[in-house]
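One-letter residues, chain by chain:
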Amino acid sequence: MKKPVVQIQQDNFDVGLEVKKLTNTSNNVGAIVTFTGLCRDEEGLLSALELEHYPGMAENEITRIAEQAIERFGLSAATVIHRYGKIETGENIVLVVTAARHRQVAFDGAQFIMDFLKNNAPFWKKEHRLDGTTGDWVDAKDIDDQSLNKWKPVGKN
Amino acid sequence: MKLVYFAWLRERVGFGQEEIDLPQEVSTVSELLNWLRSRGENFEEALKHPEVIRVAIDQVHENDLDKNITSAKEIALFPPMTGG
């Protein structure tokens, strides 16, 4: 099985460059899907998010999720990059790139990786507000939990 | 054994990690949570909603509160994750 590329880093990433890297791995790739998660300002409330993570476990969990996606959907390749530290509004937080022969599995693989990453990758966001105060820790959303329901184990209903 | 805390749980406890000797009577995740709560107001406050506390044993998620922890090297406690 093809191993995913997983990077946990403070620095920004270049979406185009990461797409190009996956494109160059094989001539039998017919579809590449990218998902980029950004830091939004919540209608002018926030200046940045501080992302805390569990070093080691963050890499391990995302690798495990990406490996599951490659195996389940038969992806040709997958890249996941997740940033930590202080991230200003408008900046990138997370990137998922999936490559496959056909579009549907590339779409599904990217969505699967994001759904499980949201629930299982050990990262936590704290708000920095535009007025200079430190805001709250972002609450986990039930919808992220519910989004796992569509990914029943293969072979069961 | 090393205990590590993250996000608001770390803030409420007051530090991010510590080395502990597990008391003899503590051998499961739920016993660990109960024992920690008895260690002071900071732990009581951090762990007052046990249903939202997530646990990882040696960097792997653990949902079973009855899981034996006596041979674990590192146990992490943290709130629900909000990455992505």
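Up top is the structure.
Rules used in this analysis
Residues numbered from 1 in each chain as written. Chains lettered and ligands numbered in written order. Predicted model: local features only at pLDDT ≥ 70, side-chain atom pairs only at ≥ 80, totals over all residues. Helix = DSSP H or I, 4+ residues; strand = E, 2+ residues; numbered from the N terminus. Rg over C-alpha atoms; globule rule 2.2 N^0.38 Å. Buried ≥ 20, exposed ≤ 12 C-beta atoms within 10 Å, placed from the backbone. Pairing = 2+ DSSP bridges. Arc of directions from axis to C-beta. Contact = placed C-beta atoms within 7 Å. Nonpolar A, V, L, I, M, F, W, Y, C, P; charged D, E, K, R; others polar. Expected span 1.5 Å × (residues − 1).

Concerning the overall build of chain A
And then number 1: Check the secondary structure of chain A and you find four helices and eight strands.
And then number 2: Going from the N terminus to the C terminus, chain A shows its helices and strands as β-α-β-β-α-β-β-β-α-β-β-α.
And then number 3: Its C-alpha atoms give chain A a radius of gyration of 16 Å, near enough to 15 Å, the size a compact globule of 157 residues would have.
And then number 4: Viewed in the frame of its principal axes, chain A has a C-alpha envelope of about 50 × 35 × 30 Å.
And then number 5: A burial count over chain A gives 36% of its 157 residues as buried.

Focus on the sheet that holds strand E2 (residues 17-19) of chain B
All names here are of chain B.
And then number 1: An order of E2-E1-E5-E3-E4 is seen for the five strands of this open sheet, with the pairing classed as mixed. The sheet terminates laterally at E2 and strand E4 (60-61), the two strands that pair on one side only.
And then number 2: The sheet contact formed by strand E1 (residues 2-5) and strand E5 (residues 74-78) spans four bridges and is parallel. Among the inter-strand pairings, Tyr5 is bridged to a residue of E5, identified as Leu77.

Remarks on helix H2 (residues 29-37) of chain B
Residue and element names in this part refer to chain B.
And then number 1: Those residues of H2 that fall on the buried side of the exposure criterion are Val29, Leu32 and Leu36. The buried residues of H2 occupy an angular sector of 55° when projected down its axis, which confines them to one face.
And then number 2: Buried positions along H2 lie against helix H3 (41-46), strand E3 (54-57) and E5.

Here's the deal with the environment of Lys2 of chain B
Residue and element names in this part refer to chain B.
And then number 1: Following the sequence through the fold, Lys2 ends up in strand E1.
And then number 2: Taking the number of C-beta atoms within 10 Å as the measure of exposure, Lys2 has 13 and is therefore partly exposed.
And then number 3: For the pair formed by Lys2 and Ser27, sequence separation is 25 residues and the distance between their alpha carbons is 15 Å.
And then number 4: Not counting the four nearest positions on each side in its chain, Lys2 is found in contact with Gln17, Glu19, Lys73 and Glu74.

Describing the interface of chain A and chain B
And then number 1: Counting from both sides, the interface comprises 21 residues of chain A and, opposite them, 14 residues of chain B.
And then number 2: Among the secondary structure elements, those contributing two or more residues to the side of chain A that touches chain B are helix H2 (57-73), helix H3 (103-120) and strand E7 (123-129) of chain A.
And then number 3: For the side of chain A that touches chain B, the element with the highest residue contribution is H3 of chain A, accounting for five residues.
And then number 4: Classifying every residue of the side of chain A that touches chain B gives 12 nonpolar, six polar and three charged.

Details of H3 of chain A
Residue and element names in this part refer to chain A.
And then number 1: With 18 residues, H3 should cover 26 Å at 1.5 Å per step; its first-to-last C-alpha distance of 26 Å lies within 8% of that length.
And then number 2: Those residues of H3 that fall on the buried side of the exposure criterion are Val105, Ala106, Gly109, Ala110, Phe112, Ile113, Met114, Asp115, Phe116, Leu117, Lys118 and Asn119.
And then number 3: Buried residues along H3 sit against strand E2 (31-38), H2, strand E4 (77-83), strand E6 (92-100) and helix H4 (142-146).

Observations concerning unusual backbone geometry
All names here are of chain A.
And then number 1: Non-glycine residue Glu42 carries a positive phi angle of around 50°.
And then number 2: Tracing the backbone through its elements, the reader meets Glu42 in the loop between E2 and strand E3 (46-53).
And then number 3: Assessed through the 14 C-beta atoms surrounding it within 10 Å, Glu42 is described here as partly exposed.

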